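What follows is each chain in one-letter form.
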Amino acid sequence: MGLRFTVLASGSTGNATIVQSEDATVLIDAGLSAKKLEELMREREVEGKDIDAIFVTHEHSDHIKGLGAFARKHQLPIYANEATWEEMHKHVGAIEADKRFVMGTGTAVELGGMLGRMRVQSYAISHDAAEPVGYCFYSDNCKLSLVTDLGYMSDKVKEQVIESDVLVLESNHDVDMLRVGRYPWNIKRRILSDIGHLSNEAAGEALCELLSDRTQRVYLAHLSRDHNLMDLAKLTVNNVLESNGFFFKRDEFALKDTYYNRSTEWDEVKRR
């Protein structure tokens, strides 16, 4: 089987993704209400009891809004680094000791049986949170990387996520739309900073260094509803790629959509 995944929701109003191997199913972030999470999961025929663990990237509300309620209802273990636990404990409520797992940044956890084992690898990112991380997922020689909520694409992040079969990559804003938008300047400055969010152009520039013969699809994620459009994000990223000599046939590579209010179709991640 390798891996398959669905982005349940992506954006400033809430983030959650499900990744499955043959023997393991995990939820990454729970940034919507427990009710909404279950509604989106039902679209993909997944129930709370099917989840083996929840992995948290960082403590911002659009990533943990429903975490406590959802985890308690379904008695699910939660993995996060110590700094994230310290910041989010007051927001998620009581979590039983045997469901609270500290996963150090840069470490890995393995779930599932021998035939369908999934390895979840965390890596450090730059964002205005206590100790934010991204995750890479491995199973049956396949690799999926989630790369969102980072102010810039550092060499260390590139080292972690390169050679992915599929990437879920932040393409948060169009710089011009943000500059003339309604946000106060201090928020605009934060978004544009090295601890903010990747712009469309920055996402394209990052892909110029991340794409390989192995990469089949990139999902553009965490788009701003105020300062971006999916068609604009895809056009900008594609233009950056083409200006750097990357031209693809439709059956070789695709840029894909994510949504703030509905899930993506299941995507099977397999080696080319």
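Look up: the structure comes first, before these words.
Residues numbered from 1 in each chain as written. Predicted model: local features only at pLDDT ≥ 70, side-chain atom pairs only at ≥ 80, totals over all residues. Heavy atoms only, no water.

Caption draft 1: Region of the structure containing the sheet that holds strand β6 (residues 100-102). Judged by pairing direction, the sheet is mixed, and its seven strands sit side by side in the order β6-β5-β4-β3-β2-β1-β14 without closing on themselves. On the outer flanks of this sheet lie β6 and β14 (267-269), each paired with one strand and no other. Looking at each pair of strands side by side, their axes are set apart by 25° on average, direction ignored. Summarising the sheet, strand β1 (residues 3-9) and β14 pair through three bridges and their orientation is antiparallel. Of the residues in β14, the one forming a bridge with L3 is V269. Packing of helix α3 (residues 67-74) onto the sheet brings it into contact with β3 (25-28), β4 (53-55) and β5 (78-80), and relative to β4 it is tilted by some 165°. (Pairing = 2+ DSSP bridges. Helix = DSSP H or I, 4+ residues; strand = E, 2+ residues; numbered from the N terminus. Axes fitted to C-alpha atoms, helices over the stretch in contact; angles between N-to-C directions. Contact = heavy atoms within 4.5 Å.)

Caption draft 2: Region of interest: the pairing of strand β11 (residues 166-170). Of all five residues that make up β11, five are buried, and the element is covered over most of its length. Neither face of β11 is left uncovered, since the one carrying V166, V168 and E170 and the one carrying L167 and L169 both have all their residues buried. You can see the chain leave strand β10 (residues 142-147), run along helix α5 (residues 155-161) and come back into β11, and the turn it takes is right-handed. Both β11 and strand β12 (residues 217-221) contribute to a ladder of five bridges, which runs parallel. Bridge pairing links L167 to V218 in β12. (Buried < 20%, exposed > 50% of the residue type's maximum accessible area, 1.4 Å probe, protein only. Right-handed = clockwise from strand over helix to strand, strands pointing away.)

Caption draft 3: Expanded view of the packing of aromatic side chains. Tallied over the entire structure, the rule returns seven aromatic pairs. A centroid spacing of 4.8 Å and a plane angle of 20° characterise the contact between Y79 and F101, whose relative ring orientation is stacked. Residue Y79 is found in strand β5, and its partner F101 is found in strand β6; the two are separated by 22 residues along the sequence. Judged by its relative accessible area of 33%, F101 is partly exposed. Ring centres 4.5 Å apart and planes at 35° place the aromatic pair F248 and F253 in the tilted group. You can call F253 buried: its relative accessible area is 9%. Here a set of aromatic residues connected by ring pairs shows up, and it is made of F55, Y79, F101, Y135 and F137. (Phe/Tyr/Trp six-rings, centres within 6.5 Å; stacked < 30°, edge-to-face > 60°.)

Caption draft 4: Local environment of the pairing of β3. Here β3 shows two buried faces, one formed by T25 and L27 and the other by V26 and I28. The pairing of strand β2 (residues 16-20) with β3 spans four bridges and is classified as antiparallel. Across the sheet, the residue bridging to I18 is L27, located in β3. Between β2 and β3, which follow one another and run antiparallel, lie four residues. Sheet analysis places β3 next to β4, joined by three bridges and oriented parallel. Considered in β4, the bridge of V26 is made with A53.

Caption draft 5: Quick look at the packing of helix α1 (residues 34-43) against α3. One way to put it is that α1 packs onto α3 with a least axis distance of 8 Å and a crossing angle of 65°. The orientation of α1 with respect to α3, classified from their angle, is roughly perpendicular. On α3, the residues that touch A34, L37, E38 and M41 of α1 are A69, F70, K73 and H74. Broken down by class, the residue content of the contact of α1 with α3 amounts to five nonpolar, one polar and two charged. (Parallel < 35°, antiparallel > 145°, perpendicular 65-115°, else oblique. Nonpolar A, V, L, I, M, F, W, Y, C, P; charged D, E, K, R; others polar.)

Caption draft 6: Focus on the environment of L3. With respect to the helices and strands, L3 occurs in strand β1. Owing to a relative accessible area of 0%, L3 belongs among the buried residues under this scheme. C-alpha of L3 to C-alpha of A24: the two residues are 21 residues apart in sequence and 9.6 Å apart in space. For L3, the contacting residues outside a window of four places in its chain are V19, Q20, S21, M118, F137, Y138, S139, C142, L144, D267, E268 and V269.

Caption draft 7: Main features of the sheet that holds β11. In spatial order, the strands read β7-β8-β9-β10-β11-β12-β13; together these seven strands make up an open sheet with mixed pairing. Edge strands, defined here as strands with exactly one partner in the open sheet, are β7 (108-111) and β13 (254-256). Within the sheet, the average angular offset between the axes of one strand and its neighbour, ignoring direction, is 20°. Sheet analysis places β12 next to β13, joined by three bridges and oriented parallel. Among the inter-strand pairings, R217 is bridged to a residue of β13, identified as A254. Packed onto the sheet, helix α8 (residues 200-210) meets β11, β12 and β13 and runs at close to 150° relative to β11. Contacting β12 and β13, helix α9 (residues 230-243) crosses the sheet at an angle of about 130° to β12.

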